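Coordinate analysis (summary)
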Amino acid sequence: MNQHNSIEWNLDLISRYDLSGPRYTSYPTALQFQGESTPEQLIAAARASTDSQAPLSLYVHIPFCAHVCYYCACNKVITRNRDRAQPYLDSVYREMKTLSDWYGKDRQVNQLHWGGGTPTFISDEQMHELMGNLRQYFNLRDDDQGDYSIEIDPREASRSTMEVLRETGFNRISLGVQDLEHEVQEAVNRVQPIEQTLAVLEQARELGFTSLNMDLIYGLPHQTPDSFDRTLDKVIEMSPDRLSVFNYAHMPERFRSQRHIQSEHLPSAEAKLIILQNTISKLMEAGYRYIGMDHFAKPDDSLAQAQLNGQLHRNFQGYTTHADCDLVAMGVSSISKIGNVYYQNEHDLGLYTQAIEEKQNAVRRGITLSRDDLIRAAVIEQLICHFRLDTQAIASHFKLDFDSYFAAEMQELRQFEQDGLVHLDAGIIHVTPAGRLLIRRVCMAFDAYIPKLQPTRGYSRII
């Protein structure tokens, strides 16, 4: 099955197919959460379609950051005032009680993630309090067998914080690193000496965290193929279990903090491609498996094992191993997936707080999936997670004739086959080693919401 891990770099295909497109952490994507359903209708549909016997995945969004990183496109609040955290957490606790009532605190929580912002912005005491409330309202595991993860800024993680995280139940961490070159760090306002990152890694291993992820970004100011190569050498030496290597999308018109980045300091499109090609080659030579898009994992990591076993899943945290969980999200701008419903909370902190005070939930918008949405979501997830699709399995599950249902899409795929992106073989769509880098484009063929002949707006480029 080593073919799973083979990648072929084809510049001609990349130049033709590297468009803008969704990352498919959901289908339909968040841009489609503008339907006619009211928040009350979305909640009712979610509660009606949830499986009360299925386990849960919980997400908590903590939006605060003490420092602004110029590249960041996350929903965040920049403040040095740590006192702002408690009123926000109090709102989250009120929302938490509501969600527990809706979705059943007896359902086992197999996955938990705190994201941001900077979750370690809150104090050690507040971390204890937040986890205590989660345990009060939901059935968290106490056997260390769940995937309980948190995003960490090494500049905001003391030894005592790492100890608190481990003793409260976290067993996975994701470290924001982005780049280890000082010139690049200065240009994005995130000066982070390697010693800080190493200290957190060493403490995490010593404390028994079972999985360590590191985030890198390519395309930042002053990066060159040689400079990023040096970062990769040091990262490989640190030996994280997983790596996420994201493409920086420079959109200063949408994200105010990015206006501090001078476009003339950014690497060219050609240099970015070289950086990406070098990164994939170097990480695979170091023994990492290419999971898909920006994700890499060691062969014995649960992510790589899930892909080999056909059990990989994708949600708003990226690739995951928990396909059977409803995702219950809390906090400003967070997105839940309950049964056949996606819904998102208020994006503005003030509006979120007001909504919680007035009605104990902050649901703003979302979509109830139609039968067509469910069919296409299943197709896209199989392709983006496993680089193959058994069309007969889809046909059998949804009781349809695949080739008739997707007649127009199969016509596009036959063109993809001529170009070398896919191989069609007796009811199986195989994404080729050359097509894997462009998997988002392959998935776009099955996206009913994307206009086929117009540029896609609101999405980042595929590569």
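Residues numbered from 1 in each chain as written. Predicted model: local features only at pLDDT ≥ 70, side-chain atom pairs only at ≥ 80, totals over all residues. Heavy atoms only, no water.

Let's talk about helix H2 (residues 39-49)
- Restricting attention to buried positions, one finds in H2 the residues Pro 39, Leu 42, Ile 43 and Ala 46. Each buried residue of H2 sits inside an arc of 95° when the element is viewed along its axis, so together they form one side.
- Looking at the packing, one finds that the buried side of H2 touches helix H3 (85-103), strand E15 (335-338), strand E16 (341-345), helix H11 (349-359) and strand E17 (363-368). (Buried < 20%, exposed > 50% of the residue type's maximum accessible area, 1.4 Å probe, protein only. Helix = DSSP H or I, 4+ residues; strand = E, 2+ residues; numbered from the N terminus. Arc of directions from axis to C-beta. Contact = heavy atoms within 4.5 Å.)

Examining the environment of Tyr 342
- With respect to the secondary-structure elements, Tyr 342 resides in strand E16.
- Along the chain, Tyr 342 and Gln 415 lie 73 residues apart, while their C-alpha atoms are 33 Å from each other.

Points about unusual backbone geometry
- Of note, the bond from Tyr 27 into Pro 28 is cis; its omega dihedral lies within 30 degrees of zero at -5°.
- Relative to the assigned elements, Pro 28 resides in the loop between helix H1 (11-17) and H2.
- Gly 116 connects to Gly 117 through a cis peptide bond whose omega is 20°.
- Assignment of secondary structure puts Gly 117 in the loop between strand E4 (108-116) and helix H4 (124-137).

Some thoughts on the side chain of Asn 171
- On the secondary structure map, Asn 171 appears in the loop between helix H5 (159-168) and strand E7 (172-178).
- For Asn 171, a relative accessible area of 1% gives the class buried.
- With residues near it in sequence (within four places) discarded, Asn 171 still touches Asp 144, Gly 146, Asp 147, Tyr 148, Arg 166, Phe 209, Thr 210 and Ser 211.

Here's the deal with the packing of aromatic side chains
- Scanning all chains against the criterion turns up 15 aromatic pairs.
- Geometrically, the ring pair formed by Phe 64 and Tyr 88 is edge-to-face, given 5.5 Å between the ring centres and 90° between the ring planes. Of this pair, Phe 64 sits in strand E2 (residues 64-65) while Tyr 88 is found in helix H3, placing the two residues 24 residues apart along the sequence.
- Taking the centre distance of 4.8 Å and the plane angle of 50° together, the rings of Phe 402 and Phe 406 count as tilted. Judged on exposure class, the residue Phe 402 and its partner Phe 406 are both buried.
- Ring pairing ties together the aromatic residues Phe 64, Tyr 88, Phe 121 and Tyr 352, which thus form one cluster. (Phe/Tyr/Trp six-rings, centres within 6.5 Å; stacked < 30°, edge-to-face > 60°.)

A short note on the confidence of the model for the chain
- In this model, the chain carries an average pLDDT of 93, and 97% of its residues clear a pLDDT of 70 or more.
- The least confident element of the chain, judged by mean pLDDT, is strand E13 (residues 318-320) at 87; the most confident is helix H8 (residues 225-238) at 98. (pLDDT = per-residue confidence, 0-100.)

So, the pairing of E16
- Burial analysis of E16 places five of its five residues in the buried class, which makes it a mostly covered element.
- Neither face of E16 is exposed, since Val 341, Tyr 343 and Asn 345 on one face and Tyr 342 and Gln 344 on the opposite face are all buried.
- Where E15 meets E16, four bridges bridge the pair, whose relative direction is antiparallel. Pairing of Ser 336 across the sheet is with Tyr 343, part of E16. (Pairing = 2+ DSSP bridges.)

Section: the pairing of strand E19 (residues 422-425)
- What you see with E19 is a clean split: Val 422 and Leu 424 sit on the buried side and His 423 and Asp 425 on the side with no burial.
- Bridge count for E19 against strand E20 (residues 428-431) is four bridges, and the pairing is antiparallel. Each residue of the ladder has a partner; that of His 423, found in E20, is His 430.
- Joining the antiparallel neighbours E19 and E20 is a turn of two residues, in which Ala 426 adopts a positive phi near 45°.

With respect to the layout of surface pockets
- The space that makes up the second largest pocket amounts to roughly 740 Å³.
- At the level of secondary structure, the elements contributing two or more residues to the lining of the second largest pocket comprise strand E12 (313-315), strand E14 (326-330), helix H12 (371-386) and helix H13 (391-398).
- Looking at the lining of the second largest pocket element by element, the count peaks at eight residues for H12. (1 Å grid on protein atoms, 1.4 Å probe; cavity = no way out; pocket = protein on both sides within 12 Å on 5 of 7 lines; lining within 4 Å. Points joined across faces, edges and corners; volume = space filled by probe spheres on them.)

With respect to the nonpolar core
- In this structure, Trp 114, Leu 134 and Phe 138 are the most contacted members of the largest nonpolar core, which totals 126 residues.
- The dominant element in this core, judged by the number of residues it contributes, is H3, at nine residues.
- Residue contacts for Phe 138: discarding those within four places in its chain leaves Leu 56, Leu 58, Met 96, Leu 99, Ser 100, Lys 105, Val 109 and Met 330.
- Among the nonpolar cores identified, the runner-up in size contains eleven residues, and Cys 69, Leu 220, Tyr 248 and Ile 261 belong to it. (Core = buried A, V, L, I, M, F, W, Y, C linked by side-chain atoms within 4.5 Å.)

Some words on the environment of Leu 19
- Within the secondary structure, Leu 19 is located in the loop between H1 and H2.
- For Leu 19, a relative accessible area of 38% gives the class partly exposed.
- Spatially, the C-alpha atom of Leu 19 lies 29 Å from that of Arg 230, the residues being 211 residues apart in sequence.
- With residues near it in sequence (within four places) discarded, Leu 19 still touches Arg 441, Ser 460, Arg 461 and Ile 462.

Section: the packing of H3 against H11
- Axis separation between H3 and H11 bottoms out at 10 Å; the angle between their running directions is 45°. If you check the angle between H3 and H11, you find them oblique. Judged by the twist between their axes, the crossing of H3 over H11 is left-handed. Residues Tyr 88, Ser 91, Val 92, Arg 94 and Glu 95 of H3 form the contact with H11, whose participating residues are Leu 349, Tyr 352, Thr 353, Ile 356 and Glu 357.
- By residue class, the composition of the contact of H3 with H11 is five nonpolar, two polar and three charged. (Axes fitted to C-alpha atoms, helices over the stretch in contact; angles between N-to-C directions. Parallel < 35°, antiparallel > 145°, perpendicular 65-115°, else oblique. Left-handed = near helix turned anticlockwise from the far one by under 90°. Nonpolar A, V, L, I, M, F, W, Y, C, P; charged D, E, K, R; others polar.)

A word on the side chain of Thr 279
- Mapped onto the elements, Thr 279 comes out in helix H9 (residues 269-285).
- For Thr 279, a relative accessible area of 1% corresponds to the buried category.
- Separated by 2.7 Å, the side chain of Thr 279 and the backbone oxygen of Ile 275 make a polar contact.
- Residue contacts for Thr 279: discarding those within four places in its chain leaves Phe 228, Leu 232 and Val 245. (Polar contact = N/O pair within 3.5 Å; in protein donor to acceptor, adjacent residues only side chain to side chain.)

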